Amino acid sequence: MYLLGLAQRSLRFAKHQTHDFKLMLGRRTLHGLATGLTTQYRSLYTTLLGANAVQLGSLQAVGNAVGALASLPAGWFIDYYSLKSVFLVGGAMLVASSLLYFAAPSWTWLYAAIILFYLGMRLTCTACTVTCAAELPNEERATGRGLCRTLASPVALVTPLLAAWLISRFGGISVEGIRPLFAIQAVIFLAIFLLLLTQLSGARSHGRPSERRRILSGFAQVFRQGPDVVRLLLVMGLMELPWTIAQPFMPVYAHDFKGADEFVLGGIAMTSMLVPMLFSIPLGRLADRHGRKKLLFAIAPLTYAGKLLLVYAPVSGMGASLCLLLYGVLFGFNSIGMALASSMAAEIMPQEQMGRWIGVVGLFRGLLSIPAPMMGGLIWEHIGPRYVFLVAIAIDACLRLPLLASTQETLHLSME
């Protein structure tokens, strides 16, 4: 009954939304299918091609750096030119990245692939965030983002197990077993590209030709909205930092130290989708009624508990598998937390400056994420693998949460 009622409420909510928002719902579902095929296996694939922990961290850092540098140009381009153009350029890069991953004979080839991947992800995610911010009013924004995640979740839920089955058919956790996933991913990214090419409206521009030279002054305007702009910018960046320190190493840690095979790794990804699928809309409604900050504080301890389960799980056997799957469930709350924080970011800035603001946020988050994987690799090599995850908890609890406490609630702000 709960799922039936949830489906009916979701359908009613979606029916009165715009064409472009509905298109974003479909795009996100296909995007989740494509990325879900390889998310749990990308790091393992890199190590199987010969990379150690520090090299894995350096590879991730390079991708993060390029993605960060793309944030400001993407935001400015959206404000002054076309959302559709940004979507298409980013989509083409994602297709090319998947093909490079598929063809790579050694891990060093993955530098080009990961640069294209993170550049494409930054462009398309910035464009998607701006689209949703423009198409939804404040009082429906968290619910809309929750709906987006909920509709994508059923596909994302089965994708990791599909990937695990494909890997087992192609030979298990090995280069030969994982490589074909990237070819399938390329086909799906190509389908998204064609969908946006033919269906997305020619997005309007807020800028006038005489203003297009004033790029730096335009970005400076976003910081004139009050002191909470800087606080929220720091909160968004620090929300990204622990994830980028720990997440590239999670599949390697689970496989090498907890005995996880391809099906357990797929199960972790699958269970991480359960919480967004079941609770994104209800928690989004709570956030739309009572504010975002309360929910963000409530979610944080759950994500910490998940990392502790990963660290202290038994080294093998059924107990290890159960702990790893429960880690996946609790990690799912991180997705909801990111959506709530994105809602706060959208509500603190006028619509005509939204692209630049999202670009500034993306740049700052990206800059923080550049050293993070290298930090994780150095911790792994010189202190111990488990401390990668413990340090991530400490950073979030000691830095992000105090800053969040000092930031005002954004639910009822008016920035028209």
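Okay, so let's go over this structure. Along each chain, residue indices are assigned from 1 in the same order as the chain's sequence is written. Only residues with pLDDT of 70 or above have their local features reported here, since the model is predicted, and side-chain atom pairs are shown and tallied only from 80 upward, although totals for entire chains, interfaces and linings are computed over all residues. The side-chain numbers reported here are obtained from all heavy atoms of the structure, hydrogens and water having been left aside.

**So, the overall build of the protein chain**
Numbered from the N terminus, helices here are DSSP runs of H or I no shorter than four residues, and strands are runs of E no shorter than two. Regarding its fold elements, the protein chain presents 18 helices and zero strands. Only protein chains enter the accessibility calculation, which uses a 1.4 Å probe. A residue is then buried if its area is under 20% of the maximum for its type, exposed if over 50%, and partly exposed in between. When burial is assessed residue by residue, the protein chain has 59% of its 416 residues classed as buried. Whether two residues touch is decided by their heavy atoms; if any such pair falls within 4.5 Å, the residues are in contact. A sequence separation of at least 24 residues applies to 88% of the contacts in the protein chain between residues at least 6 apart. Only the protein chains shown count as covering a residue, and every accessible area follows the Shrake-Rupley method with a 1.4 Å probe. Summing over all exposed atoms, the protein chain offers an accessible surface of approximately 16,300 Å²; the carbon and sulfur share of this is 69%.

**A few points about the packing of helix 12 (residues 262-271) against helix 15 (residues 317-347)**
Working convention: axes come from line fits to C-alpha atoms, limited for helices to the stretch in contact. Angles between N-to-C directions cover 0 to 180 degrees. Their axes nearest at 6 Å, the elements helix 12 and helix 15 cross at an angle of 30°. One way to sum up the angle between helix 12 and helix 15 is to call them roughly parallel. For the crossing formed where helix 12 meets helix 15, the hand is right-handed. Contacts between helix 12 and helix 15 pair Val264, Gly267, Ile268 and Thr271 from the former with Ser321, Leu324, Leu325, Tyr327, Gly328 and Val329 from the latter. Here the word oblique covers every angle except those under 35 degrees (roughly parallel), over 145 (roughly antiparallel) and from 65 to 115 (roughly perpendicular). In a left-handed crossing the near helix is turned counterclockwise from the far helix by less than a right angle, and in a right-handed crossing that turn is clockwise.

**Some thoughts on helix 13 (residues 274-290)**
Note that an α-helix has 3.6 residues per turn; residues three or four places apart therefore point the same way. An expected span of 1.5 Å times one less than the residue number is assigned to each helix. Here helix 13 contains 17 residues, and its C-alpha end-to-end distance of 24 Å stays within 8% of the 24 Å for a straight helix at 1.5 Å per residue. Note that bend, as reported per residue, equals the angle between axes fitted to the 7 residues terminating at that residue and the 7 residues originating from it. Maximal helix bending in helix 13 amounts to about 50°, located at serine 280; proline proline 282 follows within four positions. Within the sequence span of helix 13, burial applies to Val275, Pro276, Met277, Ser280, Ile281, Leu283, Gly284, Ala287 and Asp288. Immediately beyond the C-terminal end of helix 13, within one or two residues, lies glycine 291, with a positive phi of roughly 110°.

**Focus: the nonpolar core**
It is characteristic of soluble globular proteins that their nonpolar side chains tend to be buried jointly. Tyr41, Tyr45, Leu110, Leu196, Trp357, Val388 and Phe389 are the most contacted members of the largest nonpolar core, which totals 107 residues. For this core, the leading source of residues is helix 15, giving twelve residues. For our purposes a nonpolar core is just a set of buried Ala, Val, Leu, Ile, Met, Phe, Trp, Tyr and Cys residues, chained together by side-chain atoms within 4.5 Å.

**Describing the pattern of salt bridges**
Oppositely charged side chains are able to pair whenever their charged atoms sit close together. We count a salt bridge whenever a side-chain nitrogen from Lys or Arg sits within 4 Å of a carboxyl oxygen from Asp or Glu. Per the stated rule, a full pass over the model turns up two salt bridges. Between glutamate 240 and arginine 365 there is a salt bridge, and its shortest N-O distance comes to 2.7 Å. Of the two residues, glutamate 240 is situated in helix 10 (residues 228-246) and arginine 365 in helix 16 (residues 354-369); the sequence distance between them amounts to 125 residues. What makes glutamate 240 buried here is its relative accessible area of 14%. Residue class for arginine 365 comes out buried when judged on its relative accessible area of 14%. A salt bridge links aspartate 396 to arginine 400; its shortest N-O distance comes to 2.6 Å. Separated by four residues within a single helix, aspartate 396 and arginine 400 lie in helix 18 (residues 386-405), roughly one turn from each other. Residue aspartate 396 is classed as buried on the basis of its relative accessible area of 7%. When its relative accessible area of 4% is taken as the criterion, arginine 400 is described as buried.

**Observations regarding a nonpolar patch on the surface**
A surface patch of nonpolar side chains, about 300 Å² in accessible area, is lined by Leu162, Trp165 and Phe263. Mapped onto the elements of the fold, tryptophan 165 is located in helix 7 (residues 138-170). Looking at tryptophan 165, the relative accessible area reads 44%, which means it is partly exposed. Patch definition: residues above 30% relative accessible area lacking any salt bridge, with like charges linked at up to 9 Å and the nonpolar side chains Val, Leu, Ile, Met, Phe, Trp and Tyr linked at up to 5 Å.

**Points about the packing of aromatic side chains**
Note on aromatic contacts: the rings of Phe and Tyr and the six-membered ring of Trp form a pair at centre separations within 6.5 Å, being stacked when their planes are under 30 degrees apart, edge-to-face when over 60 apart, and tilted otherwise. Scanning the entire structure with this criterion turns up eleven aromatic pairs. Centre to centre, the rings of tyrosine 45 and phenylalanine 182 are 5.0 Å apart; their planes meet at 45°, and the pair counts as tilted. Highlighted residues: tyrosine 45 in helix 3 (residues 42-48) and phenylalanine 182 in helix 8 (residues 175-199), separated in sequence by 137 residues. Residue class for phenylalanine 182 comes out buried when judged on its relative accessible area of 0%.

**Things to note about the environment of glutamate 176**
Within the secondary structure, glutamate 176 is located in helix 8. Judged by relative accessible area, which is 56%, glutamate 176 ranks as exposed.

**Here's the deal with helix 18**
Between the first and last C-alpha of helix 18 there are 29 Å, a value that for 20 residues agrees with the 28 Å anticipated at 1.5 Å per step. Of all the bends in helix 18, the greatest measures close to 30° and is centred on aspartate 396. Buried within helix 18 are the following residues: Val388, Phe389, Ala392, Ile393, Ile395, Asp396, Arg400, Leu401 and Leu404. Against helix 10, helix 11 (250-258), helix 14 (292-312), helix 15 and helix 17 (371-382) lie the buried residues of helix 18.

**Concerning the packing of helix 10 against helix 18**
One way to put it is that helix 10 packs onto helix 18 with a least axis distance of 9 Å and a crossing angle of 175°. Comparing the axis directions of helix 10 and helix 18 gives the class roughly antiparallel. Note on element contacts: helix 18 touches helix 10 through Val388, Phe389, Ala392, Ile395, Asp396, Leu399, Arg400, Leu403 and Leu404, opposite Leu234, Val235, Leu238, Met239, Leu241, Pro242, Ile245 and Ala246.

**Considerations on the environment of leucine 302**
With respect to the element layout, leucine 302 can be found in helix 14. According to the relative accessible area criterion, leucine 302 is partly exposed, its value standing at 31%. Sequence separation between leucine 302 and leucine 330 is 28 residues, and the spatial gap between their C-alpha atoms is 5.8 Å. The contact partners of leucine 302, leaving out residues within four places of it in the chain, are Leu330 and Phe333.

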